[in-house]
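Listed below, chain by chain, are the residues.
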Amino acid sequence: MPVPPPDSLDLPLKLIVQALQVLIVLGGTGAAVVGVQAMAAWHHLPRRFLFTGFGVLACAAVAVLAADSLLGGTRAAGWRAALALLADGMLPLAFILLVQAYRRADLDRLKAQQASPVNQQTSLPNRALLIDQAIPALARCQRDQMPASVVAASVDGLAEIAQARGPRAAEAMMRDFAIVFRDATRAGDVAGHASAGVLAALLPSATPEAAAGMAERLRREASARLAHPGMDGRRLSVSVGIAPVGDGPVRAVLDEAIAAAEGALATAAAAGGDRVLEAPAPPLRSAGQPM
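Notes on the structure follow. Note that the structure is a prediction, hence the values are computed from the model and not measured.

### Focus: the overall build of the protein
- The helix and strand tally for the protein stands at 8 helices and 5 strands.
- The linear arrangement of helices and strands in the protein, starting from the amino end, is α-α-α-α-β-α-α-β-β-α-β-α-β.
- Within the protein, buried positions represent 40% of all 291 residues.
- In the protein, the share of contacts with a sequence separation of at least 24, taken over all contacts with a separation of at least 6, comes to 73%.
- As presented, the protein carries roughly 15,800 Å² of accessible surface, and 63% of it is formed by carbon and sulfur atoms.

### Observations regarding the side chain of Ser154
- Structurally, the position occupied by Ser154 is in strand E1 (residues 148-155).
- Ser154 sits in the buried class, given a relative accessible area of 11%.
- Not counting residues within four places of it along the chain, the set of residues in contact with Ser154 comprises Phe177, Gly197, Val198, Ser237, Val238, Ser239 and Leu265.

### Things to note about the sheet that holds strand E3 (residues 198-204)
- Judged by pairing direction, the sheet is mixed, and its 5 strands sit side by side in the order E2-E3-E1-E4-E5 without closing on themselves. A strand with exactly one partner marks an edge of an open sheet, and here the two such strands are strand E2 (190-195) and strand E5 (276-278). Between one strand axis and the next, the sheet turns through 25° on average, direction left out of account.
- Two elements, E2 and E3, share 5 bridges in a ladder whose sense is antiparallel. Pairing of His193 across the sheet is with Leu199, part of E3.
- Lying over the sheet, helix H4 (residues 127-143) contacts E1, E2 and E3, oriented at roughly 135° with respect to E2.

### Let's talk about the packing of H4 against helix H8 (residues 250-270)
- In the contact formed by H4 and H8, the axes pass within 9 Å of each other and the chain directions differ by 115°. The orientation of H4 with respect to H8, classified from their angle, is roughly perpendicular. Remark: the crossing between H4 and H8 carries right-handed chirality. On the side of H4, the interface is formed by Arg127, Leu130, Ile131, Asp132, Ala134, Ile135, Leu138, Ala139 and Gln142, while H8 contributes Val250, Arg251, Val253, Leu254, Asp255, Ile258, Ala259 and Glu262.

### Overview of the side chain of Arg219
- Residue placement: Arg219 occurs in helix H7 (residues 208-225).
- In terms of polar contacts, Arg219 uses its side chain to reach the side chain of Asp274, at 2.7 Å.
- The residues touching Arg219, leaving out its near neighbours within four places in the chain, are Val238, Val240, Asp274, Arg275 and Val276.

### Considerations on helix H2 (residues 46-70)
- With 25 residues, H2 should cover 36 Å at 1.5 Å per step; its first-to-last C-alpha distance of 36 Å lies within 8% of that length.
- Within the sequence span of H2, burial applies to Arg48, Thr52, Gly53, Gly55, Val56, Cys59, Val62, Ala63, Ala66 and Ser69.
- Immediately downstream of H2, the backbone of Gly72 shows phi near 105°, a positive value.

### Remarks on H8
- Taking 1.5 Å of rise per residue, the 21 residues of H8 would be expected to cover 30 Å, and the 30 Å separating its terminal C-alpha atoms lies within 8% of that figure.
- For H8, the full list of buried residues reads Val250, Val253, Leu254, Ala257, Ile258, Ala261, Ala264, Leu265 and Ala268. Along the axis of H8, the buried residues cluster in a sector spanning 140°; they form a single face.
- Packing partners of the buried residues in H8 comprise H4, E1, E2, E3, strand E4 (238-244) and E5.
- After H8 finishes, the residue Gly272 shows a positive phi value of roughly 120°.

### Looking at the pairing of E3
- Judged by how many residues are buried, E3 sits mostly within the fold: 7 of 7 residues are covered.
- Side-chain alternation along E3 places Val198, Ala200, Leu202 and Pro204 on one buried face and Leu199, Ala201 and Leu203 on a second face that is also buried.
- In sequence, E2 turns back onto E3 through a hairpin of 2 residues.

Here is what the cut-offs are and how they apply
Residues numbered from 1 in each chain as written. Predicted model: local features only at pLDDT ≥ 70, side-chain atom pairs only at ≥ 80, totals over all residues. Heavy atoms only, no water. Helix = DSSP H or I, 4+ residues; strand = E, 2+ residues; numbered from the N terminus. Buried < 20%, exposed > 50% of the residue type's maximum accessible area, 1.4 Å probe, protein only. Contact = heavy atoms within 4.5 Å. Areas by Shrake-Rupley, 256 points an atom, 1.4 Å probe, with all protein chains shown as cover. Pairing = 2+ DSSP bridges. Axes fitted to C-alpha atoms, helices over the stretch in contact; angles between N-to-C directions. Parallel < 35°, antiparallel > 145°, perpendicular 65-115°, else oblique. Left-handed = near helix turned anticlockwise from the far one by under 90°. Polar contact = N/O pair within 3.5 Å; in protein donor to acceptor, adjacent residues only side chain to side chain. Expected span 1.5 Å × (residues − 1). Arc of directions from axis to C-beta.

Note that all results are geometric; they support no functional claim without further evidence.
Written out as structure tokens, the structure is:
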């Protein structure tokens, strides 16, 4: 029986090596792209930025070396070459997994903050606790047949501040804004978070016109007291949404009013910000009517 030539025995190994080289080129390039995107998102975090930068360089180097070997710069063959390439291919994979782990940790931290009864940055109650605390005041208004309104307010351009200056700058801005917001409310008002970047308050015994007066006072105080993180002399502006609280089951109409105030706020911000907008009046219903 004739013996095959040595080159034919190496053919399967060569194909395996070439396939690994192609995967490493693609994987290293993809990992470098992911790393560049992460660097842009984490430019305000020095340690993460440096880690990601080194990871991008390492993945790019692995991809370049694999491409050079694939195009004939170096003739790689044998099981040792295949195992070495397999080890090289683990670097981009490990880098992507680490980047994803950082992102998952950030998302979990954000979810934990939102699920907490009290916002850690502003010390104001989050939405669920805000509604619980506002229910007794609204129930008294319904019993005494007094009006009530909800205001929702946010700093214009807060997302842009977080993108340009980092989440710490945005958190500091929210802490300062929360102080101004509390100062603009009355002693009987119930303030808290409608969402992470939106503050809200129930104003018992306040008509929408009275709530608009509070909103204008808030805008003036915010403009006078809140400086832009860029420290270039600019003052921040605030948008406010107002919604009257309708009749019906206390928790349901309160949640409805907060959502309506948020909608008016979103419309005001989309129109350029720095303005107060009132939501339409809720439908008429009695306390015994189903929602």
